[in-house]
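The primary structure of each chain is shown beneath.
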Amino acid sequence: MEVKIRPGDTLWYYSQLFRIPLNLIIDSNPNINPNSLTAGQSIIVPGFTMQTIQVKQGDSLWKLAGARNISVDSLLLLNQDLIPNKLTIGASIKVPKRIITKLVNGKKRYDYAALARDIEALKKAYPFIKINLIGESVRKKSIQEIRIGKGSKKVHFNGSFHANEWITTPILMSYLNEYLLSLTNGTAIRGMKTFPFYQSIDLSIVPMVNPDGVDLVLNGPDESSREQVIAINEGSTDFTGWKANIRGIDLNNQYPANWEIEKERKKPKVPAPRDYPGDAPLTEPEAQAMAELAQKEKFQRVLAFHTQGKEFYWGYEGLEPPESKVLANEFARVSGYESIQYVDSHAGYKDWFIQEFRKPGFTMELGKGINPLPLSQFDEIHKDVMGVFLAALYM
């Protein structure tokens, strides 16, 4: 919500007026010097929208404010030309409206366009988040990273490395939306206040690593790729089993962590709907973008969301630090998922991260069944794994 500064106003005063943490207002206005405000400057108050109402018989500013649990001065701020004691019936008044419900509806077929719309809506409502373009897919779709928080501890989540595991994207976006609501409304998630997380953690989320693949599974091929992907899919137009990127390369087999072993033993020796690791590590732009992000940011821990199995993997070749076991025990406790240290697999993002940085890395296998998991599992997955989302921040 945009407001214009009055003489003598401060951002601290606005934080009190709208009951929003001062840091969130400051971070929503990076081009404003909070110590040198000028009357008439526009600033954004996060977590609010503005609605327009018409004055009715008997209305007063005090009555309008009281009915909405807001202060009279918030109405005066938004309506600076208003004469408080001379309201005209039928006149339009701007009213601040706190956002208290989620903008993200995750229980739907969540393709690249749905993600783009939700990122735009969240950025508008919560401008203290940052949206970074970290790369592009084969088909030139943006791979976006969402950043939130100002702390020194860097935590990273990602989803939809695999195309038919697309439900991981709306799960992550739903968690993000709940976190943002908690921050701006001062509410707790499972009894935990979240503003301390904002101050201590720099959270990175890449909700859709493989946008081309997700769109292929959900929407079918476009004309430019139709012939190629049907050939890779052995003539079938059923893409529900497709995990790879649009070129038929499995992005979670693309990392230089004993890639040669995985290349030798994987059955697909040519592009395929799943499991083909490519002709060399990091040939695909999506895998490159994720590797470059990790190299640049040096995350303290990463969680890659996959499906399915109600389990998670957290070790690689004995290179994981002792902290990984502590986290794994807590993740298992809060989710009920099985904790598995080692699996006979190489070349995954989690494997490479542990090998490269000697930091905790996790592959979370959400839900149980046959991929793609049905949306009927969304609520159960959301409930089970919310504790993992929180534990990754507070531990």
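The sections below set out a description of the structure shown in this document. Counting starts from 1 at the beginning of each chain's written sequence and moves along it residue by residue. In keeping with the predicted nature of the model, local features appear solely for residues at pLDDT of at least 70, side-chain atom pairs appear and are counted solely at 80 or more, and the whole-chain, interface and lining totals rest on all residues. In computing side-chain properties, one takes all heavy atoms of the structure into account and sets aside hydrogens as well as water.

## Digging into the sheet that holds strand 10 (residues 201-206)
Applied cut-off: Here, strands pair whenever DSSP counts at least two bridges between them. Each helix is a run of DSSP H or I of at least 4 residues and each strand a run of E of at least 2, with the numbering of both proceeding from the N terminus. Helix axes are fitted only over the stretch in contact, all axes being lines through C-alpha atoms; the angle between N-to-C directions runs from 0 to 180 degrees. Throughout, a residue-residue contact means that at least one pair of heavy atoms, one from each residue, lies within 4.5 Å.
Spatial ordering of the open sheet is given by 5-6-10-7-11-14-12-13, a layout of eight strands whose pairing is mixed. In this open sheet, the two edge strands, each paired with only one partner strand, are strand 5 (130-136) and strand 13 (338-340). Averaged over all adjacent pairs, the angle separating strand axes in this sheet is 20°, with direction ignored. Its contacts with the sheet put helix 11 (residues 285-297) on strand 5, strand 6 (142-148), strand 7 (153-159) and strand 10, and the angle it makes with strand 5 is roughly 130°. Sheet contacts for helix 13 (residues 349-357): strand 7, strand 11 (301-307), strand 12 (311-313) and strand 14 (361-366); angle to strand 14, the most-contacted strand, approximately 165°.

## Observations concerning the side chain of Thr 307
In plain terms, the rule: Only protein chains enter the accessibility calculation, which uses a 1.4 Å probe; a residue whose area is less than 20% of its type maximum is buried, one above 50% is exposed, and one in between is partly exposed. Any N or O atom pair separated by 3.5 Å or less is treated as a polar contact, with the protein-specific requirement of one donor-capable and one acceptor-capable atom, and with residues adjacent in sequence counted only for side-chain atom pairs.
Within the element layout of this structure, Thr 307 appears in strand 11. Residue class for Thr 307 comes out buried when judged on its relative accessible area of 3%. Reaching out from Thr 307, the side chain makes a polar contact with the side chain of Asn 371 at a distance of 2.7 Å. Once residues within four sequence positions are removed from consideration, Thr 307 is found in contact with Glu 165, Ile 167, Thr 168, Glu 365, Leu 366, Asn 371 and Leu 373.

## Quick notes on unusual backbone geometry
Following Thr 307, the chain continues to Gln 308 via a peptide bond in cis, the omega torsion being 10°. The residue Gln 308 is located in the loop between strand 11 and strand 12 in this model. Between Asn 371 and the following residue, Pro 372, the backbone shows a cis peptide bond with an omega angle of -5°. With respect to the helices, strands and loops of the structure, Pro 372 is situated in the loop between strand 14 and helix 14 (378-394). For Asn 69, which is not glycine, the phi dihedral falls at a positive 55°. Tracing the chain through its elements places Asn 69 in the loop between helix 3 (61-68) and helix 4 (72-78). Despite not being glycine, Asn 258 has its phi angle at roughly 55°, a positive value.

## Some thoughts on the packing of aromatic side chains
Applicable threshold: A pair of aromatic rings is counted whenever rings of Phe, Tyr or Trp (Trp by its six-membered ring) have centres within 6.5 Å, and the orientation is called stacked for planes under 30 degrees apart, edge-to-face for over 60 and tilted otherwise.
Summed over the entire model, instances satisfying the criterion amount to 20 aromatic pairs. Here the aromatic rings of Phe 18 and Phe 48 are separated by 5.2 Å at their centres, their planes lie at 65°, and the arrangement is edge-to-face. Taken together, the residues span a long stretch of sequence, with Phe 18 in helix 1 (residues 11-18) and Phe 48 in strand 3 (residues 48-54) at a distance of 30 residues. The buried category is assigned to Phe 18, whose relative accessible area is 2%. Here the aromatic rings of Phe 128 and Tyr 198 are separated by 5.8 Å at their centres, their planes lie at 90°, and the arrangement is edge-to-face.

## A word on the nonpolar core
Taken as a class, soluble globular proteins show a tendency for nonpolar side chains to be buried jointly. Short version of the rule: In this description, a nonpolar core means a group of buried Ala, Val, Leu, Ile, Met, Phe, Trp, Tyr and Cys residues linked to one another through side-chain atoms lying within 4.5 Å.
With 84 residues, the main nonpolar core has Tyr 14, Phe 18, Ile 148, Phe 157, Leu 203 and Phe 305 as its most contacted residues. With ten residues, helix 14 is the largest single contributor of residues to this core. Setting aside chain neighbours within four positions, we find Phe 305 in contact with Phe 157, Asn 158, Gly 159, Ser 160, Thr 168, Ile 171, Leu 172, Tyr 175, Met 364, Leu 366 and Val 385. Counting residues in hydrophobic clusters, the runner-up holds 23 residues, among them Ile 143, Phe 161, Ala 257 and Val 302.

## Quick look at the environment of Asp 344
The topology assignment puts Asp 344 in the loop between strand 13 and helix 13. Asp 344 gets classed as exposed once you look at its relative accessible area, which sits at 64%. It is 57 Å that separates the C-alpha atoms of Asp 344 and Leu 17, two residues lying 327 residues apart in sequence.

## Some points on helix 1
Keep this limit in mind: It is the directions from the helix axis to the C-beta atoms that the arc portrays.
Every buried residue belonging to helix 1 is among Leu 11, Tyr 14, Ser 15, Leu 17 and Phe 18, and all of these are buried. Here the buried residues of helix 1 occupy an arc of 165° about the axis, which is enough to place them on one side. Against strand 1 (2-4), helix 2 (22-28), strand 2 (42-44), strand 3, helix 4 and strand 4 (92-98) lie the buried residues of helix 1. In the stretch just after helix 1, Arg 19 is the one whose phi turns positive, near 55°.

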